[in-house]
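# Structure at a glance
Here are the chains, one letter per residue:
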Amino acid sequence: MNGRLHEIWKRILSLSHKLTLDSEFNEELATHIESAIEDNIRAGMNAEEARRNALIKLGGTDQTFEAYRDARGFRWLVSLLGDIRYVLRTFRKSPGFALAFIGTLALGIGTATAIFSAVDQTVLRKPFPHYERLTVFGSDFPGSRSGFTSNSYPIQIMPCVESGKSFDAFAINAWGRGTMSTGSETFGVDFAGVNQDFFSVLNGKTALGRLFRPEDFAQASSSVIVLKHQFWKDYFGGDRNVIGRSVVLENHTYQIVGVLSEEFSPPTMFWSSVFMPLVLTSDPSNPFAQALTVMARLRQGVTLVQANAEASILCAAPDANPRFKARFKNSPLYLKWLSDVDPSRRFSRIHAAFLSAVGFLFAIAVINGINLMFVRRSERKRELGIRLALGSSRGTLMRLIVTESFALNLLAGLLGLILAWTIKPFLVNLLMMSKEALDRGVSLDSRALLFAFGISLLSALIISAASVWKVSTEDLQSILREGGITTSEGRKLQRSRESLVAISAAMAMVLLTGTGLMTRSVQKLMSVDRGFDPSRKIALWIDLPRALQSAEPRHAVAQRLEERLQNFPGVQNVCTTATVPLAGSTTVNLTKPDGSTLFVGFNPVSPACFRSMGMKLLKGRELPSRPEGVSGVMLINTSMASKWFGTEEPIGKSIRISGQSWEVIGVVSDIREEIRSKDPRPQYYFPDWQDSRRSDVISLMLDLSVKPSAALIQSIRRAIHDVEPQAGVRQPVELEEKARTQINSERFTLFVLELISAISMLLAILGLFSVMACSVSQRMKDFGIRLALGAPARQVFISVLRRGLVLGGFGIVIGLFGAWALTRYIKTLLYETSTLDPMVYTATVLLMLLAVCFACWLPARKAASVDPSSLLKTE
Amino acid sequence: MNKQKLDLLQGTLDLLVLQTLASMGSLHGYGIARRIEQVSGDIVLLNQGTIYASLVRLQQRGWISARWGTSDNNRRAKYYSITRAGQRQLAEETANWERLSAVIGRVLSSSEGGVR
């Protein structure tokens, strides 16, 4: 076996120094012959006879050489190298063809690779080990957007962890928020206690330091924390000396032991930035004390139904208190697949649309490739005919064609990879549609390389099959009979090229229509009236220390903050609001007098908020700034007014809110937070001093007079710190940005579709151009004769243009049908846009016609400007 | 020259070359060809050129090695010698050959009145 490998290796090596070997063998052979001659002379022959005898005995030098070479190297490899050399030589001779071909295919392959690999990394690939076995504990939560909440409590989870047979591992996360002080600065953080398996289930690795060790979980109250990469960069400036530093979090001192790697990207329900070891305990008297988010990995072979059956026995709230039982009576805890809970990684219609669009683009590129090959074939017909006549076998010719096509496609694949390399990181970010992804570098991995290689081979196969089929059906002998001069291209070849061009125009047309519909949809989304202007508004969350969390001191702090910031330079208006529009909501189910329930949002606000939010008071009066009676007051929005009171006059009526009766004193306009929902959420507002609940956070909405800048934010933070040094200020959120990210998925879809359809359009038009140009240059003599016979140049011009338009027109008509058939699949991606939007179709057709004219213009000009005398002279 | 000459069986040339090198030590191509002819009493019909294909084959399999040297008539010549792997191979092939020829001999002698 070893000898065999050795031999193969030697054979390959010998290819590389073929020349030296040949000359060496020449010398060896010469020695042989001389020695034989000398022996023969010694045996008594004369010189002439001796030489003849020596050569006869050898069996001829040429034959010996041939046999020697055959034994020495792979014959086929030698001939392949010969073919490749021939192909490269022909590229050098006609670089235009090679460049056009490689450029076209590289665009197709590159874009396809980039998009495939972006989709692959966002949704096709498993983000965590054993992703298909990961489930989430939760219960139904009617009224919320997903209808599901992934909250659970230790009293439910602990039995499952301790004796569940269906589970392999758990990722348990106990979420909390609070202030973190580094000594010099205080800020608000989301932290989470996590169990020992948390990071292994979620594939967490460190960039610095370490993760938790078993002994960290042994102590009753552990004091080590691990930071998320982004948090470390934002608040510690990416300082590598952070390991070992102490911070105060919620009055405990913790030591930072590790920083997670950038790639750590847990499902969105685990959003915390700081992690600490969690030891699960449950206190039956206060089961709600600690809410958990729990992911369970099922044991291999266990079905979701089996796991749920076990969970329903083990994790039902056993002898918990009545409140607990009441909460879970109608919505018991159960398991859902993680892939159903975390939609960001789900393969959606957007991804399907991208992949099919890029498939179209690739098809157009391949069609163009075939077309270019056909043009080349017809240009080289004479050469091929001569080769055949000189005894080249048809097989050899086909081998040359296939070699040419593969060489071209692999070169194109290589170039395509470089192209994909440049555009992909940026595409992945678009697809992930999140800031975290934007900050993460993405590399072109082996799957992308494999994909690029695969589709290069695929296009090579298709293109060479098409060209080989052409050559095998063509009667090459007749070419020579035609006289050798390419007077008129074969009708059949021309016809197949024309239909290919029409098909690629049709496909470009479909893509263009899809893009047009998406453009329209995004336009409509951008122009939705939200009833609220988010520009230059920021939301600031301020975490409070425990002592300031109850209603009284909190209101006092809020009031002082408002006063301090009211006249702050750069700030136009400031108000306190429990929830900021576009940045979260608090909701409640209210029972109407008739017994039915209404799901409404509520928001304790300071009176200044109505001005800040730009809401209009439609009826009644504004919220009072100070308590004015014993009973509570509220404002309701139009939507709540109509849903609660119908056509009745709401002012002066009262609504029971948690046991109290509040009077409706006014009606304000609606705010549309969820841009896609048809009707705004019913919502009521009440003065913040009326809110007696405990809360660990104050949120402010600031209406700025300038664009928010880092310096302004910094000075605002400092001002807040001056008013209340113990308060932790979080990174502000710009509402305009929030509003924009709501339609991110549409904008990014549009962007990618624009990219793909622009490239396809370009390729389709180039294809049309090349067919027209080629047919014109082959019919130059016809045009010359027509002009010589007195046809006006304009007529020739128009005849060429008409031919192109007929061709393009075919493409457009087929494309219209295609668009009609295919755009229905992106219907769900569109906002208030019909898939048959007449404006989009008209615009697309016009654009295509324009492009077709553009592609035919130069060939038509060339045909019309031919000089008959010079043309006839060359005959 | 009325002796009847024998055509070499396919694949046996390699064996002859190996055997020659094993018994003679280092030889150049012509030397090997001559030696085979002499040993066979000029019965073997050898196209001397085919020696070289065989030499390349054997060399690629690592059974013989080559180096440049000077011949008796003062020319540069390539000298071949058998390697250890070649000796192993030769032993194996020889055993094979003997078994095969014994079997063939038996078969031929058992069929009486065979074509002569």
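Small disclaimer: the values here were computed from a predicted structure and weren't measured.

What counts, and at which threshold
Residues numbered from 1 in each chain as written. Chains lettered and ligands numbered in written order. Predicted model: local features only at pLDDT ≥ 70, side-chain atom pairs only at ≥ 80, totals over all residues. Heavy atoms only, no water. Disulfide = S-S within 2.5 Å. Helix = DSSP H or I, 4+ residues; strand = E, 2+ residues; numbered from the N terminus. Contact = heavy atoms within 4.5 Å. Patch = residues over 30% accessible without salt bridge, like charges linked within 9 Å, V, L, I, M, F, W, Y side chains within 5 Å. Areas by Shrake-Rupley, 256 points an atom, 1.4 Å probe, with all protein chains shown as cover. Salt bridge = Lys/Arg side-chain N within 4 Å of Asp/Glu carboxyl O. Lys, Arg positive; Asp, Glu negative; His and termini not counted. Charge placed at Lys NZ, Arg CZ, Asp CG, Glu CD. Buried < 20%, exposed > 50% of the residue type's maximum accessible area, 1.4 Å probe, protein only. Buried area = accessible area lost by both parts, 1.4 Å probe. Polar contact = N/O pair within 3.5 Å; in protein donor to acceptor, adjacent residues only side chain to side chain. Nonpolar A, V, L, I, M, F, W, Y, C, P; charged D, E, K, R; others polar. Core = buried A, V, L, I, M, F, W, Y, C linked by side-chain atoms within 4.5 Å.

## Quick word on the state of the cysteines
A full pass over the atoms with the stated rule returns one disulfide over all chains. No disulfide involves Cys-856 of chain A; its sulfur sits 6.9 Å from the nearest other cysteine sulfur, which is in Cys-853 of chain A.

## What to know about the environment of Met-772 of chain A
All names here are of chain A. Residue position: Met-772 is located in helix H26 (residues 744-778). C-alpha of Met-772 to C-alpha of Arg-803: the two residues are 31 residues apart in sequence and 8.6 Å apart in space. If we ignore the near neighbours within four places in the chain, the residues touching Met-772 are Val-800, Arg-803, Gly-804, Leu-807, Cys-856 and Pro-859.

## Considerations on a positive patch on the surface
Residues and elements named next belong to chain A. A grouping of Arg-85, Arg-89, Arg-92 and Lys-93 is seen on the molecular surface, where their side chains present a positively charged patch. For Lys-93, the location among the structural elements is in helix H5 (residues 75-93). Accessibility expressed as a relative area gives 70% for Lys-93, which makes it exposed.

## Focus on the interface of chain B and chain A
Chain B puts 23 residues into the contact, and the matching count from chain A is 27 residues. Across the chain B to chain A interface the summed buried area is about 2200 Å²; carbon plus sulfur atoms make up 51%. At the boundary of chain B with chain A, the tally comes to four salt bridges. One salt bridge connects Glu-27 of chain A with Arg-76 of chain B, and the closest N-O pair in it is separated by 2.7 Å. The interface formed by chain B and chain A contains eight residue pairs in polar contact (both at pLDDT 80 or more). Of all elements in the fold, only helix H2 (29-39), helix H3 (50-60) and strand E5 (76-82) of chain B reach the threshold of two or more residues within the side of chain B that touches chain A. The dominant element in the side of chain B that touches chain A, judged by the number of residues it contributes, is H3 of chain B, at five residues. Residue classes in the side of chain B that touches chain A are distributed as eight nonpolar, nine polar and six charged.

## Digging into the pattern of salt bridges
Per the counting criterion, the structure on display carries 25 salt bridges over all chains. Here the salt bridges share partners, and the residues they tie into one network are Arg-177, Asp-190, Asp-543 and Arg-730 of chain A.

## A word on the nonpolar core
Core analysis: the largest hydrophobic core is formed by 55 residues, its most contacted members being Phe-101, Leu-408 and Ile-756 of chain A. The set of elements that each furnish at least two residues to this core consists of H5, helix H6 (95-124), helix H14 (349-379), helix H16 (394-432), helix H18 (446-473), helix H20 (491-526) and H26 of chain A. Ranked by residue count, the leading element in this core is H14 of chain A, at 15 residues. Contacts of Ile-756 of chain A, omitting those with residues within four sequence positions, involve Ile-115, Phe-354, Ala-357, Val-358, Leu-361 and Leu-511 of chain A. In this structure, Leu-58 of chain A together with Leu-13, Leu-46 and Ala-53 of chain B belong to the second largest nonpolar core, which totals 33 residues.

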